[in-house]
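# Residue-level structural notes
Next come the chains, spelled out residue by residue.
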Amino acid sequence: MAVAQCPASCGELIQGWILGSEKLMSCPVEWYSTVEVGYGSALADERPLSRAMVGRLLQYWHYPADLSQDIRIDVHSTIPVAKGMASSTADIAATAVATARHLGHRLDESTLAMLCVSLEPTDSTVFRQLTLFDHNDASVQIACNTQPALDLLVLESPQTLRTADYHRIPRQAGLLAGAPTLKRAWKKIQESCLTKNPHLMGEAATLSAIANQRLLPKPDFDALLSLVDECDLYGVNVAHSGSVVGLMLDRNKADVDYVKWLLVKKQLTHHWPKQHLLRMVQGGVTLL
């Protein structure tokens, strides 16, 4: 048996029209999908995309397809589904790496990314480093060597949106309109990583969130921006294809209880009734 885990994401740090096509950079957080792969019969409640990933790997390494019938996949995850937290990417990426180990192989990150996008648009949480990623075809993978330390108060909404449904929404005009803003945001991301400056990371994420209001608007967004200013937080990031929002902060400097109180006062908990205080972490799939 082999076991691997991959982190969730609090939406994206940036997403939009960058360097000639739509790309994203996920915001990995300390919430994980853990997948066990071994010999055995399939579980009744197994996740279809994880099974599909096993099929992709068998094909990639030229194993007989019916070997899949002898492989058991056990996914352990409480990551919210269809809210923009990369739950599906975490499942299939951890499944891929665990299956590879079970079969006696290794997967480099680029190959893993290619296999994942062959199933669905993929979050850049598959990479250990923060990475600007073409989530549709894996053709662009630009890594940042370092990242600043920060926390996120993750605001969870009851609203759901499947990735496949989002990608059917016409959005080319909105993406192109936001391109100048995303160019600035991408530059700030690079500066933030070079200097490990969380303020610049927050500024970049906020720019991307503002641009995304054209495409998938978040309710009471101006009230969120006002709260960020009032509490002197780093910024706000959003799930560009989901409902989750992150308030970017330092838990040792910000008064998190006061932030939560303001969320109630501004009636923002009507939209986001659940909150989770999480660290931003390194991405990538880890064998356990």
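Below is a short write-up of the structure. (Residues numbered from 1 in each chain as written. Predicted model: local features only at pLDDT ≥ 70, side-chain atom pairs only at ≥ 80, totals over all residues. Heavy atoms only, no water.)

So, about the overall build of the chain. For the chain, the helix and strand inventory stands at nine helices and 10 strands. Whereas a compact globule of 288 residues would reach a radius of gyration of roughly 19 Å, the chain reaches 19 Å, a difference of no more than 12%. Taken along its principal axes, the extent of the C-alpha atoms in the chain is 60 × 40 × 35 Å. Buried residues in the chain amount to 57% of all 288 residues. (Helix = DSSP H or I, 4+ residues; strand = E, 2+ residues; numbered from the N terminus. Rg over C-alpha atoms; globule rule 2.2 N^0.38 Å. Buried < 20%, exposed > 50% of the residue type's maximum accessible area, 1.4 Å probe, protein only.)

For any pair of aromatic rings, geometry is given as the distance between the ring centres together with the angle between the planes. Applying the stated rule across the entire model yields three aromatic pairs. Residues Tyr258 and Trp261 carry aromatic rings whose centres are separated by 5.7 Å and whose planes lie at 20 degrees to one another, so their mutual orientation is stacked. Remark: Trp261 and Tyr258 occur in helix H9 (residues 256-265); sequence separation between them is three residues, near one turn of the helix. A residue is classified by how much of its surface remains accessible, and Tyr258, at 34% relative accessible area, is partly exposed. (Phe/Tyr/Trp six-rings, centres within 6.5 Å; stacked < 30°, edge-to-face > 60°.)

The subject of this paragraph is helix H2 (residues 87-102). The end-to-end C-alpha separation of H2 is 22 Å, in line with the 22 Å expected for 16 residues at 1.5 Å each. The buried fraction of H2 is high, at 14 of 16 residues. Among the residues trailing H2, Gly104 stands out with phi positive, at a value near 85 degrees. (Expected span 1.5 Å × (residues − 1).)

Note that Thr122 resides in the loop between helix H3 (109-117) and strand S4 (131-133). In terms of polar contacts, Thr122 uses its side chain to reach the backbone carbonyl oxygen of Cys116, at 3.4 Å. Within polar-contact distance, the side chain of Thr122 engages the backbone oxygen of Glu120 at 2.8 Å. Not counting chain neighbours up to four residues away, the residues in contact with Thr122 comprise Leu24, Thr89, Cys116, Val117, Phe133 and His135. (Polar contact = N/O pair within 3.5 Å; in protein donor to acceptor, adjacent residues only side chain to side chain. Contact = heavy atoms within 4.5 Å.)

Moving on to the pattern of salt bridges. Enumeration over the complete set of coordinates arrives at nine salt bridges. Glu30 is paired through a salt bridge with Arg279; the nearest N and O atoms lie 3.3 Å apart. Pair noted here: Glu30 is in strand S2 (residues 21-39) and Arg279 is in strand S9 (residues 274-279), with a separation of 249 residues, a long-range link. Here Glu30 falls in the partly exposed class, since its relative accessible area comes to 28%. The partner of Glu203 in a salt bridge is Lys188, and the shortest N-O contact between them spans 2.8 Å. Taken together, the residues span a long stretch of sequence, with Glu203 in helix H7 (residues 198-212) and Lys188 in helix H6 (residues 179-195) at a distance of 15 residues. On the basis of relative accessibility, which here comes to 35%, the residue Glu203 falls in the partly exposed class. (Salt bridge = Lys/Arg side-chain N within 4 Å of Asp/Glu carboxyl O.)

In this section: H3. Among the residues of H3, Thr111, Leu112, Ala113, Leu115, Cys116 and Val117 are the ones counted as buried. Structurally, the start of H3 carries an N-cap: the backbone nitrogen of Ser110 is 3.1 Å from a side-chain oxygen of Asp108.

The next thing to look at is the nonpolar core. Counting residues in hydrophobic clusters, the biggest one holds 68 residues, and the most contacted among them are Leu13, Ile14, Met25, Leu112, Leu152 and Ile189. When near neighbours in sequence (up to four residues on either side) are disregarded, Ile189 contacts Leu13, Ile14, Met25, Cys144, Met201 and Ala204. Core analysis: the second largest hydrophobic core is formed by 21 residues, Val238, Leu247, Leu249 and Leu263 among them. (Core = buried A, V, L, I, M, F, W, Y, C linked by side-chain atoms within 4.5 Å.)

So, about unusual backbone geometry. Positive phi outside glycine occurs at Ala82, with the angle close to 60 degrees. Structurally, the position occupied by Ala82 is in the loop between strand S3 (71-77) and H2. Positive phi values are uncommon outside glycine, yet Lys196 reaches one of about 55 degrees. Relative to the helices and strands, Lys196 is located in the loop between H6 and H7.

Spatial relationships are all this shows, so hold off on functional conclusions.
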